[in-house]
Amino acid sequence: MKLVFDRPRSMRDKPMHFCPGCSHGIVHRLVAEAVDALGLRERTVAVAPVGCAVFMYEYMDFDVTEAPHGRSPAVATGIKRSRPDLFVFTYQGDGDIGAIGLAEIISAANRGENFSVVFVNNTVYGMTGGQMAPTTLLGQRTTTTPRGREAKTEGHPLRMAELISGLEAPYYVARVAVDSPAHIARARKAILRAFQIQVEEKGFSFVEVLGACPLNWGLSPTEAIKRVQEELIPYYPLEVFKDKSGAE
Amino acid sequence: MGKVLDLVRCFDRMRLVMIAVGEKVLMRGCEAMAEAAIRAGCRFYAGYPITPQSELAEYMARELPKYGGVFIQSESEIAAINMVLGASVTGTRAMTSSSSPGISLKQEGISYLAGCELPAVIANFGRGGPGLGNIAPSDADYFQATKGGGHGDYRNIVLAPYSVQETVELTHLAFDLADRYRNPVLILCSGLIAQMMEPVEFMPFKGGEGHSQKEEKPWALTGARGRPSMVIKSLYLQDVELEGHDLKLQEKYREIREKEVRVEAQHLEGGRATPEERAKLVVVAFGTAARVAASAVEEAREGGLPVGLIRPITLFPFPRDFIRKAAEGTDRFLVLELSGGQMVEDVELAVRGRVPVEFYGRMGGVVPSPEEYLAEIRKRL
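Residues numbered from 1 in each chain as written. Chains lettered and ligands numbered in written order. Predicted model: local features only at pLDDT ≥ 70, side-chain atom pairs only at ≥ 80, totals over all residues.

**Considering the overall build of chain A**
- Of the regular secondary structure elements, chain A holds ten helices and seven strands.
- For 248 residues, the compact-globule estimate of 2.2 N^0.38 gives 18 Å, and the C-alpha radius of gyration of chain A, at 17 Å, lies within 12% of that figure.
- In terms of overall dimensions, chain A has C-alpha extents of about 50 × 50 × 35 Å along its principal axes.
- Per-residue burial for chain A yields a buried fraction of 53% across its 248 residues.
- The contacts of chain A with a sequence gap of at least 6 include a subset with a gap of at least 24, amounting to 67%. (Helix = DSSP H or I, 4+ residues; strand = E, 2+ residues; numbered from the N terminus. Rg over C-alpha atoms; globule rule 2.2 N^0.38 Å. Buried ≥ 20, exposed ≤ 12 C-beta atoms within 10 Å, placed from the backbone. Contact = placed C-beta atoms within 7 Å.)

Pasting the structure below:
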């Protein structure tokens, strides 16, 4: 029998703790595939976030360190600068990157640090139980916006990819989604491209991935996917915002 | 010859006014610490400017790259300590430095370093507080440094130099202890030591001058090549599992208490034949206060007063047993601090009510003169 589909070498054979319909499992796999495709497993040091994806180290079969909430880009800077031969990426959520760690991500991006960021945007704090994230959409009900997010008091949802692409230094900035096979295929390409850019020592690469959090959205997995398509993508357009290789 | 070359390089690099005292160089405390750190194998520094120790970062910015090291001016104190954490993850000798308000910001990262069992050296050149306070010398961060500072059950190793020369020596020791115990080491000294210029003699470069500090640390994350993948973390969700980790840390702190106490004492005991010479009053002081107290005690001795001095060099581990033993041979203690009274609590704990423990402190950046301390000593004898 011919083997046509298998677990990436960079993943462990372990059941995941993620809720049904959660996007982290898909994004984990895309990351592992990209690491394998570029032959990076044995020189990877990843930075796990605080939040649902902190357990990345349980599922990935490469070196992983933990970082305090929001500080992953600073930790990654320390790793990459002291060992430029290593392949380094952070895996971050929306509260991590858009609220508590906004200074760290903007500063690392602005320095053009040669590591990659995979940012999963599901518009809500997952692990702490569904509070408002900086990316929560207007009108979205969360446990801390029980009447729905209002622009007047909570401000507008933060478009991180656009924010990062406005900086001079970043080399590659894209937003993708994992709501459909076609979008997953594009997400796979974007993550691979981001990692390739680091390998080529070209600088900072950033991929925002729109995902679903059915549990904290109060939706079924299929309804949640529909919400990504009907509500998230219109506000958070799927685009390559910046790819300096086109200009070279 | 090597030493001569080092000296020539010092001349060349620092353009310092030199005083020819043997092989000594006249240097500011915080710059001497930077040079000592490089010699001790530090190859990563991240920091954020803050008075009175920005010269340390400036020195690192200029010198560290010459040794293949990395200097980063971070966006914040929080980022600096986390960059140090990242460098330490790879096994690189790394440090950051700041002054009191900046050290407060670093506490989260220090707690993670302790929890993840990562070595790092953090220098605090203390200034007056609380809040923005001022930029005058203070040792009011004793509690923060020795009792944890951040969240959770952990301890920093805390070293308290009282001269520029000792700052150099303790910087070497700090990197060695950090690696040996895989624990953050804090060098706590007042801002006075940062800015004070004294002749110092440097120790040789660890592993030779060209040494890039890439020695293997088996726990470091450098990619899973030829070994299973590894994780550095402080997260243990199950209570018993975390308690197991905490117990391991406590065992480490016990070992540190047992092996790493450093303390200096002067004039404590009379000889067997002259028991009347024993110190009836023992002054306990660290850092800048100890420096002033040493002069006051010498002057008091010359005037025939039976006073001794105990100077803790390690604040954690605290020389508790040493002080407890000293309590058997004296009538009272006088604790002198540049604070409202912090170390005095540890002295009281060591003395256990056996003899009175008195306190005299100045705050807000006031550094007393030896005469002021002498007057306090006289009052008690």
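From this point, things continue past the structure.
**Focus on the domain arrangement of chain B**
Residues and elements named next belong to chain B.
- One can read the domain layout of chain B as domain 1 (2–200) and domain 2 (263–379).
- A separation of 27 Å is found between the C-alpha centroids of domain 1 and domain 2.
- Listed by partner, the interface residues are 25 residues for domain 1 and 21 residues for domain 2.
- At the level of elements, helix 7 (142–146), strand 6 (157–159), strand 7 (184–190) and helix 9 (191–195) are the ones that each hand at least two residues to the side of domain 1 that touches domain 2.
- Counting residues per element, the side of domain 1 that touches domain 2 draws most heavily on helix 7, at four residues.
- Among the residues making up the side of domain 1 that touches domain 2, the classes are represented as 15 nonpolar, seven polar and three charged. (Domains from an automatic or database assignment. Nonpolar A, V, L, I, M, F, W, Y, C, P; charged D, E, K, R; others polar.)

**A look at the interface of chain A and chain B**
- Contact with chain A, which involves 29 residues of that partner, is made by 34 residues of chain B.
- When residues of the side of chain A that touches chain B are traced back to their parent elements, those giving at least two are strand 1 (44–48), strand 2 (63–66), helix 3 (72–82) and helix 5 (102–111) of chain A.
- In terms of residue count, the dominant contributor to the side of chain A that touches chain B is helix 3 of chain A (eight residues).
- Of the pairings in the sheet, the one linking strand 2 of chain A to strand 9 (residues 231–232) of chain B comprises two bridges and is parallel in character. Note that in strand 9 of chain B the partner of V64 of chain A across the bridge is V231 of chain B. (Pairing = 2+ DSSP bridges.)

**Some words on the environment of T146 of chain B**
Residue and element names in this part refer to chain B.
- Along the chain, T146 turns up in helix 7.
- Considering only alpha carbons, one finds T146 and T314, 168 residues apart in sequence, at a separation of 9.7 Å.
- When sequence neighbours within four positions are dropped, the list of residues in contact with T146 reads V158, L315 and F316.

**Considering helix 3 (residues 54–63) of chain B**
- Considered for burial, the residues of helix 3 of chain B that qualify are L56, A57, Y59, M60 and E63 of chain B. In a view along the axis of helix 3 of chain B, the buried residues occupy a sector of 160 degrees, so they form one face of it. (Arc of directions from axis to C-beta.)

**A few points about the nonpolar core**
- The biggest cluster of nonpolar side chains holds 190 residues, and the ones touching the most others in it are M56, V118 and V209 of chain A together with V84, V283 and A293 of chain B.
- Looking at which domains feed residues into this core, each of domain 1 (2–200) and domain 2 (263–379) of chain B supplies at least three. (Core = buried A, V, L, I, M, F, W, Y, C linked by C-beta atoms within 7 Å.)

**Concerning helix 3 of chain A**
- Here helix 3 of chain A lies mainly inside the structure; eleven of its eleven residues are buried.
- Taken residue by residue, helix 3 of chain A has S72, P73, A74, V75, A76, T77, G78, I79, K80, R81 and S82 of chain A as its buried positions.

**Observations concerning the sheet that holds strand 15 (residues 357–361) of chain B**
Residues and elements named next belong to chain B.
- With respect to topology, five strands assemble into an open sheet ordered 10-12-11-14-15, the strand pairing being mixed. The outermost strands of the open sheet, each flanked by one partner alone, are strand 10 (263–266) and strand 15. This sheet shows a mean twist of 20 degrees between the axes of neighbouring strands, independent of strand direction.
- When strand 11 (residues 281–284) meets strand 12 (residues 307–312), the two strands line up parallel, connected through four bridges. Of the residues in strand 12, the one forming a bridge with L281 is V307.
- Across the sheet, helix 11 (residues 287–302) touches strand 10, strand 11, strand 12 and strand 14 (332–337), and the angle it forms with strand 12 is around 160 degrees.
- Contacting strand 11, strand 12, strand 14 and strand 15, helix 14 (residues 370–379) crosses the sheet at an angle of about 160 degrees to strand 14. (Axes fitted to C-alpha atoms, helices over the stretch in contact; angles between N-to-C directions.)

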